[in-house]
Amino acid sequence: MLFADEPEHILEIRRMLKQFVAEEMPPEKVRQWDKEHRFPPELFAQLATTGVCGITIDPEFGGQGPDLVAAVAIIEELCRGGAFAAGPFIHSAFYGGMNISENGSPEQKAHYLPPLARGEHLFAYGLSEPDVGGDLASVRCRADRTEDGRLIVNGFKRWCTGADFADTIYCLVRTGAESARHRNLSFVLIPTDAPGVTIHPIEHGNLRYTLSSDVILEDVEVSMDHVVGGEAGWNEGWRMLAGRALDVEKLEITAVTFGIAQAAVEEAWSYAQERKQFGRPISGHQAIRHRLVEARTRLEACRHMLYHAAWLANEGRPCSVESAMAKLFVADTAVEIGLACQRVMGAYGLSEGHDMERHVRDLIGMPIVGGSSDMQKNNIAGLLGLAR
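In this text, all values refer to a predicted model and were calculated from it rather than measured experimentally.

Analysis parameters
Counting of residues starts from 1 at the beginning of each chain's written sequence and follows it residue by residue. In keeping with the predicted nature of the model, local features appear solely for residues at pLDDT of at least 70, side-chain atom pairs appear and are counted solely at 80 or more, and the whole-chain, interface and lining totals rest on all residues. The basis for the side-chain values is all heavy atoms of the structure; hydrogens and waters are excluded. In this description a helix means any DSSP run of H or I spanning at least four residues, a strand means any run of E spanning at least two, and both kinds are numbered starting from the N terminus. When we talk radius of gyration, it's over C-alpha atoms, and the globule rule is simply 2.2 Å times the number of residues to the 0.38. Classification of residues uses two cut-offs on accessible area relative to the type maximum, computed with a 1.4 Å probe and protein chains only: under 20% is buried, over 50% is exposed, and between them is partly exposed. Note on contacts: a residue pair qualifies if any of its non-hydrogen atoms lie within 4.5 Å across the two residues. All accessible areas in this document rest on Shrake-Rupley with a 1.4 Å probe, and a residue is counted as covered only by the protein chains that are shown. Charged-residue counts in this description rest on Lys and Arg as positive and Asp and Glu as negative, His and the chain ends being excluded. Charged groups are reduced to one reference atom each: NZ for lysine, CZ for arginine, CG for aspartic acid, CD for glutamic acid. How sure the predictor is of each residue is captured by pLDDT, a score from 0 to 100. A side-chain nitrogen of Lys or Arg and a carboxyl oxygen of Asp or Glu constitute a salt bridge if their distance falls within 4 Å. Cavities and pockets are found on a 1 Å grid laid over the protein atoms alone: a cavity is a set of points where a 1.4 Å probe fits but cannot escape, a pocket is an open set with protein on both sides within 12 Å along at least five of seven lines, and a lining residue has an atom within 4 Å of such a point. Grid points are joined across faces, edges and corners, and a volume is the space filled by probe spheres set on the points. Residue type decides the class: Asp, Glu, Lys and Arg count as charged, Ala, Val, Leu, Ile, Met, Phe, Trp, Tyr, Cys and Pro as nonpolar, and the leftover types, Gly among them, as polar. Between 30 and 60 degrees the pair is tilted, below 30 it is stacked and above 60 it is edge-to-face, where a pair is any two Phe, Tyr or Trp rings, Trp via its six-membered ring, whose centres lie within 6.5 Å. As a reminder, the over-ring test applies to NZ of lysine and CZ of arginine, requiring each to be within 6 Å of the ring centre and within 35 degrees of the ring normal. Axis angles are defined between N-to-C directions and span 0 to 180 degrees, where every axis is a line fitted to C-alpha atoms and, for a helix, only to the segment in contact. Throughout this description, any angle smaller than 35 degrees is read as roughly parallel, any larger than 145 degrees as roughly antiparallel, any in the 65 to 115 degree range as roughly perpendicular, and the remainder as oblique. With the far helix as reference, a near helix turned anticlockwise by less than a right angle produces a left-handed crossing, and one turned clockwise produces a right-handed crossing. We call two strands paired when DSSP finds no fewer than two bridges between them. Only buried residues count toward a nonpolar core. Its members are Ala, Val, Leu, Ile, Met, Phe, Trp, Tyr and Cys residues joined through side-chain atoms within 4.5 Å.

**Considering the overall build of the protein chain**
Step number 1: Secondary structure assignment for the protein chain yields 12 helices and 9 strands.
Step number 2: What you see for the protein chain is a C-alpha radius of gyration of 21 Å, in line with the 21 Å of a compact globule of 388 residues.
Step number 3: Across the 388 residues in the protein chain, those meeting the buried criterion constitute 54%.
Step number 4: Across the protein chain, contacts joining residues at least 24 apart in sequence account for 71% of those joining residues at least 6 apart.
Step number 5: For the protein chain, the accessible surface area stands at approximately 17,100 Å², while carbon and sulfur atoms represent 53% of it.
Step number 6: Mean positive and mean negative side-chain charge positions of the protein chain (38 and 53 charges, respectively) differ by 8 Å.

This is the structure in structure tokens:
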């Protein structure tokens, strides 16, 4: 593989977002949002005016993409200030823009993509259920067709992050016999304000830009044009889930992980040069120097794995192995990076007035969210044909 400098448009995006984070997301505000477990809508509205939400959407629908490498860079830069702007960006550009661009019917693209590109419409995922995590082919939430061609949806979704602010739930449902598993799944677009939708928040400790949620669906009625892909998308949910969209899902959560790990390294790096003990900065002590250099080295390895996989995806090349490896390596390595940086800061790394405690809290969950590290290992082994 050859290496090249980043193109000018990505460098410009980085410059713009560094300024945005510095001006709109000062540390004291971010710490308050973390305590309140929310992102301010006005923050995302300001971000949307920059046009970044259209980075996964074709210009025909008001976007500037699709450009997955740029999209990963956007998440990385925003996550220097935590997930409070990156989170809603992902709900718009990835959960919405990417999925509808890849799988939507012509009518759905015309309806959803323009407001998604403007950051005026947000999606949430409805994938997991109380008894269904990694084995998504076992979902029990059902959509049944009526004689007049409408759908009645019933079921229970868990870990539906962003359902409290999203406009639409991108919901995986059973549309036939459970015995068929992969062949009887569909995605349905469910408005969060539809009658029969009940949302219950779930308190959690990491990525506190919003709550996660239980979503209960009781006789929720929608028309067939809410099936992703229209009539042609009926029973095609597994294909939509297991294809390119899943690879890209791994990339966006890995970009979040990388951005937060980078912020942790930068905070510890600065702190070590300012904090003095025994008459000199602690960065002058070998134990601290080694710990910081090891963290930065691991961070660079994470960068290469993430952007290699993003480049493959952007080029339309097979990248299921590389995206799973990136998710696995970056998630696990970022935990090591965060804990090492916290130890550099000592008690201050656990205290208010610094961001390190939040960085570590966010990073510790990354080997779990978006497909656990053990699931990635199983997937990689299968993709590489390792004998069972």
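Additional details are given in the paragraphs that follow.
**Structural notes on the confidence of the model for the protein chain**
Reading predicted coordinates in detail is not appropriate for stretches of low pLDDT.
Step number 1: Per-residue confidence for the protein chain averages 94 on the pLDDT scale, and 99% of its residues sit at or above 70.
Step number 2: Mean pLDDT per element in the protein chain: helix α7 (residues 237-242) is the minimum at 90, and helix α6 (residues 106-117) is the maximum at 98.

**Overview of the pattern of salt bridges**
Step number 1: The final tally for this structure, using the stated rule, is 29 salt bridges.
Step number 2: Ionic contacts of the salt-bridge type, sharing partners, join the residues E6, R14, K18, E76, E77, R80, E266, E300 and R303 into one network.

**Description of the layout of surface pockets**
Step number 1: Size it by volume and the largest pocket reaches roughly 1,500 Å³.
Step number 2: The wall of the largest pocket is formed by 50 residues, among which S128, E249, V369, G370 and G371 lie closest to the centre.
Step number 3: For the lining of the largest pocket, the secondary-structure elements that each account for two or more residues are α5 (83-103), α7, α8 (244-274) and α12 (373-383).
Step number 4: Its residues placed into classes, the lining of the largest pocket shows 25 nonpolar, 19 polar and 6 charged.

**Observations regarding the environment of C302**
Step number 1: Of note, C302 is situated in helix α9 (residues 286-314).
Step number 2: We classify C302 as buried; its relative accessible area is 1%.
Step number 3: For the pair C302 and A45, spaced 257 residues apart in sequence, the C-alpha separation works out to 31 Å.
Step number 4: Each residue touching C302, except ones within four places of it in the same chain, is listed here: F258, F329, V330, T333 and I337.

**Observations concerning the packing of aromatic side chains**
Step number 1: The full count for this structure, using the stated rule, is 9 aromatic pairs.
Step number 2: With 6.2 Å between their ring centres and 75° between their planes, F89 and F94 make a pair best called edge-to-face.
Step number 3: Taking 6.4 Å as the distance between ring centres and 40° as the angle between the ring planes, the aromatic pair formed by F123 and Y170 counts as tilted. One end of the pair, F123, is in strand β1 (residues 123-126); the other, Y170, is in strand β4 (residues 168-174), with 47 residues separating them in the sequence. For the pair F123 and Y170, one class covers both residues: buried.
Step number 4: A cation over a ring is seen here: R296 above W269, with NZ or CZ 4.1 Å from the ring centre.

**Focus: unusual backbone geometry**
Step number 1: With a phi close to 60°, H37 is a non-glycine residue in the positive phi region.
Step number 2: Assignment of secondary structure puts H37 in the loop between α2 (27-36) and α3 (41-48).
Step number 3: A positive phi is found at W159, a non-glycine position, where the angle reads about 55°.
Step number 4: Mapped onto the elements of the fold, W159 is located in the loop between β3 (150-157) and β4.

**Examining the packing of α5 against α6**
Step number 1: The N-to-C vectors of α5 and α6 enclose an angle of 155°; their axes lie 10 Å apart at closest approach. With respect to each other, α5 and α6 are oriented roughly antiparallel. The crossing of α5 and α6 is left-handed. Two secondary-structure elements touch here, α5 through S92, G96, G97, I100 and S101 and α6 through Q108, K109, Y112, L113 and L116.
Step number 2: Among the residues forming the contact of α5 with α6, the class breakdown is 4 nonpolar, 5 polar and 1 charged.

**Structural notes on the pairing of β3**
Step number 1: Of the pairings in the sheet, the one linking strand β2 (residues 142-145) to β3 comprises 4 bridges and is antiparallel in character. Opposite R142, over in β3, you have N154 as the bridge partner.
Step number 2: In terms of strand pairing, β3 meets strand β7 (residues 212-223) through 7 bridges, oriented antiparallel. Across the sheet, the residue bridging to L151 is V222, located in β7.

**Observations regarding helix α11 (residues 356-364)**
Step number 1: Among the residues of α11, those classed as buried are M356, R358, H359, V360, D362 and L363.
Step number 2: Lining the buried residues of α11 we find α2, α5, α8 and α10 (320-345).

**Details of empty space enclosed by the protein**
Step number 1: Within this structure, the stated rule accounts for 1 cavity of 30 Å³ or more.
Step number 2: If you add up the space inside the largest cavity, you get close to 40 Å³.
Step number 3: Lining the largest cavity are F94, Y95, M98, N99, Y125, A245, V248, E249 and E252.
Step number 4: Elements with a minimum of two residues in the lining of the largest cavity: α5 and α8.
Step number 5: Among the residues forming the lining of the largest cavity, the class breakdown is 6 nonpolar, 1 polar and 2 charged.

**Some words on the nonpolar core**
Step number 1: Core analysis: the largest hydrophobic core is formed by 100 residues, its most contacted members being M25, L47, I75, L78, F89, F94 and V256.
Step number 2: The leading source of residues in this core is α8, at 13 residues.
Step number 3: Contacts of F94, omitting those with residues within four sequence positions, involve L68, A71, I75, F89, N99, V248 and E252.
Step number 4: If you look at the next biggest cluster of nonpolar residues, it comprises 22 residues, including L151, A166, I190 and V197.

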